[in-house]
Number of protein chains: 4
Amino acid sequence: MAPKGLAILIGAGPNTGAGIARILASPSHGNLAVALLARRPEPLHQLTASLRASTPGSTIEAFPADTTPASLERAFSAIASHAALANLPLELAIYSVKHSSKKPFLEETHADFTDSLTTYVGGAFAFAQLAVRRFLRDHGEQPLGAPGSPPNAKKGTLVFTGTLGALRCSAQFAAYGAGRAGVRQLAQSLARELSPLGIHVVHTIANGGIRDEMGEGREDGEEEKKAVAEGKRMSAESVGRAYLWLHEQGVDLWTHELDLRPAQEKF
Amino acid sequence: MAPKGLAILIGAGPNTGAGIARILASPSHGNLAVALLARRPEPLHQLTASLRASTPGSTIEAFPADTTPASLERAFSAIASHAALANLPLELAIYSVKHSSKKPFLEETHADFTDSLTTYVGGAFAFAQLAVRRFLRDHGEQPLGAPGSPPNAKKGTLVFTGTLGALRCSAQFAAYGAGRAGVRQLAQSLARELSPLGIHVVHTIANGGIRDEMGEGREDGEEEKKAVAEGKRMSAESVGRAYLWLHEQGVDLWTHELDLRPAQEKF
Amino acid sequence: MAPKGLAILIGAGPNTGAGIARILASPSHGNLAVALLARRPEPLHQLTASLRASTPGSTIEAFPADTTPASLERAFSAIASHAALANLPLELAIYSVKHSSKKPFLEETHADFTDSLTTYVGGAFAFAQLAVRRFLRDHGEQPLGAPGSPPNAKKGTLVFTGTLGALRCSAQFAAYGAGRAGVRQLAQSLARELSPLGIHVVHTIANGGIRDEMGEGREDGEEEKKAVAEGKRMSAESVGRAYLWLHEQGVDLWTHELDLRPAQEKF
Amino acid sequence: MAPKGLAILIGAGPNTGAGIARILASPSHGNLAVALLARRPEPLHQLTASLRASTPGSTIEAFPADTTPASLERAFSAIASHAALANLPLELAIYSVKHSSKKPFLEETHADFTDSLTTYVGGAFAFAQLAVRRFLRDHGEQPLGAPGSPPNAKKGTLVFTGTLGALRCSAQFAAYGAGRAGVRQLAQSLARELSPLGIHVVHTIANGGIRDEMGEGREDGEEEKKAVAEGKRMSAESVGRAYLWLHEQGVDLWTHELDLRPAQEKF
């Protein structure tokens, strides 16, 4: 069964990213061709190979990229001209980049602090802009309800994976919190601006650990499966199913902010 | 196909409640037997008849009830001993009671203000307590991860339908806001208390109009379908699908608060 | 020096209420005549005597009352006809009623839960209505900026003492949280409705212990003074100074929500 | 009367900054020597001259600086070695830098977006770090309650002037909102980290226009005075009084987030 569209995911690590990708790419779930972006080529290619092996019938391609505009533009261009992906409309774009740092305030440097903002929040901006341009190119620029536009004319879904740090910021987490809150406000502004065009913008708030307990060759697989089954840890595939569900929301009802936590997580 | 469980919904009006019930009861969606509760018997029985007619294969039963403890207890007893529902485990309980009032502060009376709290927040409390007792009776009382307990031992989902008024309260809406915020905090406290037991508690924040454009004999059906298709109004069935999705979340990942709005709603 | 106006404080206990009253009544601070309301006459009269003794030149009168409308109306009538208070305009009204309860959800009763709402949230409503009527009677009903109205025409300040429970509600605190959140939304609605009339409505969020370390005959006085001096506990007089400051805010700049915590309180 | 300490204010414009500075410097209010920082030397020197003229007995000095670390370090060094300021302990540091921009998302550039973050959020970081180092140098590094430390050992107050954009972000305001929210989270992290040391960190949320209606030679002075007197606009001096009040809060009770709005502002 040919994929019915394209998903682009940046932040393709061995846990959250891997689980999301598997669900999106699986013919029995998302049935989307998936373009995976991550900074380091070697682990990205390994992950891609592993995901392909465990997901028969999937289309998964790797595009090493960091969050600079130049690198993201190259990746989006490569995706646009890639044989297996070229004619598929972009349906879902996910910004799921790792962002963490803890440091006493007086030990933090201005260079590291602003680098963190540029890399993480600036990266979210650049990624979002490229994704939105592709949504409009692939699905048209008409606002919802414009004369002649079709019903339920959702153009795509843009998801930012965030954390509780976007809302509450602990001691020694200034750079982390500023970045998380920055992306949350970017998402909120975009939701208000792009929603009438039919572009669905979501910010998620993951609260608790996420593990891809289905990942290949995990030594801690059994332990992780147990933690997931007992509600102590989120399964990365469950995150993927949540994102897919968000994408399946139509223009008449959509969710802008989604909290995600395992049942046993304190909050 | 026999229903796989039971849902109880209080607030069975012709829009939100009707749409939710249709989705939950439909064999191709929730496939749950649905017990509908509403204050006025006549419209409730009409609605039940209409839902049965439009949902082949469904099990839908009516139990007139208001939000007083005595009335709710009678309804839960009647449900427990109803032939078509008796052996089904409770899966989903939804508190979706109408709550609105606008009045200049100096024209409001203490009696009306506190009645509103007792009816709406007190009703949520009473409904929640009955639902939780049935979850525990039907699914056991063991906490998640207790020795010998099965994996993914979710016991059920309790949803409170709220609105933006729970977060931001306009002039002349004191009773409305106090009630909405009260139920939100009730939901938050229950989520923290019951989550480790495997009971999933959700508070939704509907922002915008909800219409059951599939309802029988709607004169404004075409207009409403258009409003839904253009992202101006929420379809009540979409709300039902969202609630069903919440119920399908497993113990490893669940959502406590869900905002719902049509794409063209300002926020 | 004759008091320049009247303050009414309900919730006159030995800590928060006492410290607030002392600051408001002190000729060198608020210089307001203070009407103290509390449920139990005996401790109220003792507190009043102690406050008078420690605050030379103050006018402090006791009016036993609970939060029912009838009781509050009697107290407001008695205040209006009391010789020492009769000709003073109401400047500041403070709802600082104790509200706490912790109970496992399934052990809570509907009667207790709704009583708590009626007493605490309904009481806030009734107190606010009486206070607002007196503000309007004493200071006129014209909105700000109406032709002929004087500049800076603030009519008075209505403060609700709240807690973090209004925002975040822990397990087993459903009644507490619902009440606290209910009053917060009441305050928010009133702020939006009454602000254009020149009535300043404030909701405070006290986070941490409050002690009146200046209270008479405290056995733990030294220990409490130390806790206050080290930023571990709030001084009740500091709360009073904060409330006085809120009252001194003019129509051009006022604060609707004020968090208060000692420096060493975790949050 | 010699100033009792030092205040440093960055963002010394003709409205908010001017009003705050006048109150802080006035011998009858803050009685603090004030170091004013702003990007453009010419207007800064004019403002300084005007403030000195209208505030007899004040000590106000100008230090042109932008929000880069190098520029801020030069300014803090110049302050430390300035004859009139050298021996004064830093009491209050205020980050009140202008930050606004509105642009359709697809017209925004990555360079402008990240410059905005670096300048505004990075600037807040650099300013905060220099201010905190001076607080510790001038007031000692002991935490509150350490053996031998004096009671009420507040070391100083660090205020960030923010806006509602830190909480709710409208369409076309992505850069603005990301910056405002970033500084808010920085402030929140610092509050949690530095509070036990006796450093008071505050984030204010100004909602509505602020005018220095006392400013010299204002052509619109009368109109502005009327807007302030009717509760349509905040007086910059009222903002200054609020900041001074925050600084006067002792370790037993302080406020982390303060909303400020004129009585007639919708919210």
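Now for a look at the structure at hand. (Residues numbered from 1 in each chain as written. Chains lettered and ligands numbered in written order. Predicted model: local features only at pLDDT ≥ 70, side-chain atom pairs only at ≥ 80, totals over all residues. Heavy atoms only, no water.)

## Considerations on the overall build of chain A
So, point 1. Counting its secondary structure elements, chain A contains seven helices and nine strands.
So, point 2. Compactness check: chain A gives a C-alpha radius of gyration of 18 Å against a globular reference of 18 Å for 267 residues, within 12% of the reference.
So, point 3. On the principal axes, the C-alpha backbone points of chain A span a range of 55 × 40 × 35 Å.
So, point 4. Burial analysis of chain A (267 residues in total) assigns 63% to the buried set.
So, point 5. Here the contacts in chain A between residues at least 6 apart in sequence split such that 76% fall between residues at least 24 apart.
So, point 6. Just so you have it, chain A exposes about 9,500 Å², and 51% of that area is on carbon and sulfur atoms.
So, point 7. Of the charged side chains in chain A, 27 are positive and 27 negative, and the gap between their average positions amounts to 2 Å. (Helix = DSSP H or I, 4+ residues; strand = E, 2+ residues; numbered from the N terminus. Rg over C-alpha atoms; globule rule 2.2 N^0.38 Å. Buried < 20%, exposed > 50% of the residue type's maximum accessible area, 1.4 Å probe, protein only. Contact = heavy atoms within 4.5 Å. Areas by Shrake-Rupley, 256 points an atom, 1.4 Å probe, with all protein chains shown as cover. Lys, Arg positive; Asp, Glu negative; His and termini not counted. Charge placed at Lys NZ, Arg CZ, Asp CG, Glu CD.)

## Description of the packing of helix 5 (residues 174-194) of chain B against helix 5 (residues 174-194) of chain C
So, point 1. Packing of helix 5 of chain B against helix 5 of chain C leaves a shortest axis separation of 7 Å and a crossing angle of 150°. As the angle between them shows, helix 5 of chain B and helix 5 of chain C are arranged roughly antiparallel. For the crossing formed where helix 5 of chain B meets helix 5 of chain C, the hand is right-handed. Residues Ala 174, Gly 177, Ala 178, Ala 181, Gly 182, Gln 185, Leu 186 and Ser 189 of chain B of helix 5 of chain B form the contact with helix 5 of chain C, whose participating residues are Ala 174, Gly 177, Ala 178, Ala 181, Gly 182, Gln 185, Leu 186 and Ser 189 of chain C.
So, point 2. Class assignment of the residues belonging to the contact of helix 5 of chain B with helix 5 of chain C gives a composition of eight nonpolar, eight polar and no charged. (Axes fitted to C-alpha atoms, helices over the stretch in contact; angles between N-to-C directions. Parallel < 35°, antiparallel > 145°, perpendicular 65-115°, else oblique. Left-handed = near helix turned anticlockwise from the far one by under 90°. Nonpolar A, V, L, I, M, F, W, Y, C, P; charged D, E, K, R; others polar.)

## Description of the pairing of strand 5 (residues 156-163) of chain B
Residue and element names in this part refer to chain B.
So, point 1. Judged by how many residues are buried, strand 5 sits mostly within the fold: eight of eight residues are covered.
So, point 2. What you see with strand 5 is no split at all: Gly 156, Leu 158, Phe 160 and Gly 162 on one side and Thr 157, Val 159, Thr 161 and Thr 163 on the other are buried throughout.
So, point 3. The sheet contact formed by strand 4 (residues 90-95) and strand 5 spans four bridges and is parallel. Note that in strand 5 the partner of Ala 93 across the bridge is Leu 158.
So, point 4. Once the chain exits strand 4 it traverses helix 4 (residues 110-139) before rejoining the sheet at strand 5, and the crossover so formed is right-handed.
So, point 5. Note that strand 5 and strand 6 (residues 199-206) share eight bridges and pair parallel. Looking at strand 6, one finds that Val 159 is bridged to Val 202.
So, point 6. Running through helix 5, the crossover from strand 5 to the neighbouring parallel element strand 6 is right-handed. (Pairing = 2+ DSSP bridges. Right-handed = clockwise from strand over helix to strand, strands pointing away.)

## Re the environment of Asp 220 of chain B
Residue and element names in this part refer to chain B.
So, point 1. Looking at the secondary structure, you find Asp 220 in the loop between strand 7 (210-211) and helix 6 (221-229).
So, point 2. Residue Asp 220 is classed as partly exposed on the basis of its relative accessible area, which comes to 23%.
So, point 3. Separated by 35 residues in the primary sequence, Asp 220 and Gln 185 place their C-alpha atoms 37 Å from one another.

## Considerations on the pairing of strand 9 (residues 257-260) of chain A
All names here are of chain A.
So, point 1. Residue alternation in strand 9 divides its side chains into two sets, Glu 257 and Asp 259 and Leu 258 and Leu 260, and both sets are buried.
So, point 2. Where strand 6 (residues 199-206) and strand 9 come together, four bridges link them in parallel fashion. Bridge pairing links Ala 206 to Leu 260 in strand 9.

## What about the side chain of Thr 55 of chain A?
So, point 1. Locating Thr 55 of chain A in the fold gives a position in the loop between helix 2 (41-54) and strand 3 (60-64).
So, point 2. Here Thr 55 of chain A is in contact with Arg 22, Ala 25, Ser 26 and Pro 27 of chain A, once residues within four sequence places are set aside.

## Some thoughts on the pattern of salt bridges
So, point 1. Tallying each qualifying case throughout the model produces 52 salt bridges over all chains.
So, point 2. The residue Arg 134 of chain B makes a salt bridge to Asp 138 of chain B at a minimum N-O spacing of 2.8 Å. Remark: Asp 138 of chain B and Arg 134 of chain B occur in helix 4; sequence separation between them is four residues, near one turn of the helix.
So, point 3. The partner of Arg 22 of chain C in a salt bridge is Asp 212 of chain C, and the shortest N-O contact between them spans 2.7 Å. A residue pair is termed long-range when its members are at least 10 positions apart, and Arg 22 of chain C in helix 1 (residues 16-25) and Asp 212 of chain C in the loop between strand 7 (210-211) and helix 6 (221-229) qualify at 190 residues.
So, point 4. We classify Arg 22 of chain C as buried; its relative accessible area is 8%. (Salt bridge = Lys/Arg side-chain N within 4 Å of Asp/Glu carboxyl O.)

## Let's talk about helix 4 (residues 110-139) of chain D
Count 3.6 residues to each turn of an α-helix, and residues three or four apart come out pointing the same way.
Residues and elements named next belong to chain D.
So, point 1. The end-to-end C-alpha separation of helix 4 is 42 Å, in line with the 44 Å expected for 30 residues at 1.5 Å each.
So, point 2. The sharpest bend along helix 4 measures roughly 30° and falls at Gly 122.
So, point 3. Of all 30 residues in helix 4, 21 are buried; the element is thus mostly enclosed.
So, point 4. Among the residues trailing helix 4, Gly 140 stands out with phi positive, at a value near 90°. (Expected span 1.5 Å × (residues − 1). Bend = angle between axes of the 7 residues up to and from the residue.)

## Describing the packing of aromatic side chains
So, point 1. Summed over the entire model, instances satisfying the criterion amount to 30 aromatic pairs over all chains.
So, point 2. Seen from their ring centres, Tyr 95 of chain A and Phe 127 of chain A are 5.8 Å apart, and the 45° between their planes marks the pair as tilted. Of this pair, Tyr 95 of chain A sits in strand 4 (residues 90-95) while Phe 127 of chain A is found in helix 4 (residues 110-139), placing the two residues 32 residues apart along the sequence.
So, point 3. Through pairs of rings, three or more aromatic residues link up here, namely Phe 76, Tyr 95, Tyr 120, Phe 127 and Phe 160 of chain A.
So, point 4. Directly above the ring of Phe 267 of chain C sits Arg 261 of chain C, whose terminal nitrogen or CZ lies 3.8 Å from the centroid. (Phe/Tyr/Trp six-rings, centres within 6.5 Å; stacked < 30°, edge-to-face > 60°. Lys NZ or Arg CZ within 6 Å of the ring centre and 35° of its normal.)

## Remarks on helix 2 (residues 41-54) of chain D
Residue and element names in this part refer to chain D.
So, point 1. With 14 residues, helix 2 should cover 20 Å at 1.5 Å per step; its first-to-last C-alpha distance of 20 Å lies within 8% of that length.
So, point 2. Leu 44, Leu 47, Thr 48 and Leu 51 are the residues of helix 2 that are buried. Down the axis of helix 2, the sector holding all buried residues measures 105°, keeping them to one side. Turned more than 90 degrees off the buried face of helix 2, the exposed positions are Glu 42, Gln 46 and Ala 53.
So, point 3. For helix 2, the secondary structure elements touched by its buried residues are helix 1 (16-25), strand 2 (33-38) and strand 3 (60-64). (Arc of directions from axis to C-beta.)

## Thoughts on the interface of chain D and chain A
So, point 1. The partner chain A presents 42 residues to the 42 residues of chain D that form the contact.
So, point 2. Of all residues in chain D, Phe 105, His 110 and Phe 125 of chain D give up the largest surface area on contact with chain A, accounting jointly for 21% of the area buried on that side.
So, point 3. In this assembly, chain D and chain A are joined by 24 residue pairs in polar contact (both at pLDDT 80 or more).
So, point 4. Those elements that provide at least two residues to the side of chain D that touches chain A are helix 4 and helix 5 (174-194) of chain D.
So, point 5. Looking at the side of chain D that touches chain A element by element, the count peaks at 15 residues for helix 4 of chain D.
So, point 6. Of the residues that constitute the side of chain D that touches chain A, the class distribution is 22 nonpolar, 15 polar and five charged. (Buried area = accessible area lost by both parts, 1.4 Å probe. Polar contact = N/O pair within 3.5 Å; in protein donor to acceptor, adjacent residues only side chain to side chain.)

## Things to note about the packing of helix 3 (residues 69-80) of chain C against helix 4 (residues 110-139) of chain C
All names here are of chain C.
So, point 1. In contact at an axis separation of 9 Å, helix 3 and helix 4 are set at 30° when each is read in the N-to-C sense. Comparing their axes, helix 4 and helix 3 come out roughly parallel. The two elements helix 3 and helix 4 cross, and the hand of that crossing is right-handed. Residues Pro 69, Leu 72, Glu 73, Phe 76, Ile 79 and Ala 80 of helix 3 form the contact with helix 4, whose participating residues are Gly 123, Ala 126, Phe 127, Leu 130, Ala 131, Arg 134 and Arg 137.

## A short note on the relation of the copies chain D and chain A
So, point 1. Mapping chain D onto chain A calls for a rotation angle of 180° and an axial translation of 0.0 Å; the resulting RMSD is 0.0 Å. Overall, the copies show the geometry of a two-fold rotation axis.
So, point 2. When the interface residues of chain D are mapped onto chain A, 100% of them again fall at the interface, so both copies present the same face. (Least-squares fit on C-alpha atoms with pLDDT ≥ 70 in both.)

## Points about unusual backbone geometry
Residues and elements named next belong to chain C.
So, point 1. In this structure, Asn 152 is a non-glycine residue whose phi angle is positive, near 50°.
So, point 2. Within the secondary structure, Asn 152 sits in the loop between helix 4 and strand 5 (156-163).
So, point 3. Judged by relative accessible area, which is 46%, Asn 152 ranks as partly exposed.
So, point 4. The phi torsion at Gln 172 lies on the positive side, around 70°, for a residue other than glycine.

## Observations regarding the environment of Glu 257 of chain C
Residue and element names in this part refer to chain C.
So, point 1. Structurally, Glu 257 is set in strand 9 (residues 257-260).
So, point 2. The class of Glu 257 is buried, set by a relative accessible area of 17%.
So, point 3. Put simply, Glu 257 and Val 202 are 55 residues apart on the chain and 5.6 Å apart in space, counted from C-alpha to C-alpha.
So, point 4. Polar side-chain contacts of Glu 257 include one of 2.9 Å to the side chain of His 203.

## Comments concerning the environment of Asn 87 of chain D
Residues and elements named next belong to chain D.
So, point 1. Position of Asn 87 relative to the elements: it lies in the loop between helix 3 (69-80) and strand 4 (90-95).
So, point 2. Residue Asn 87 is classed as exposed on the basis of its relative accessible area of 76%.
So, point 3. Here the alpha-carbon distance between Asn 87 and Asp 138, two residues 51 residues apart in the chain, equals 9.5 Å.

Function cannot be inferred from these measures alone, as they are strictly geometric.
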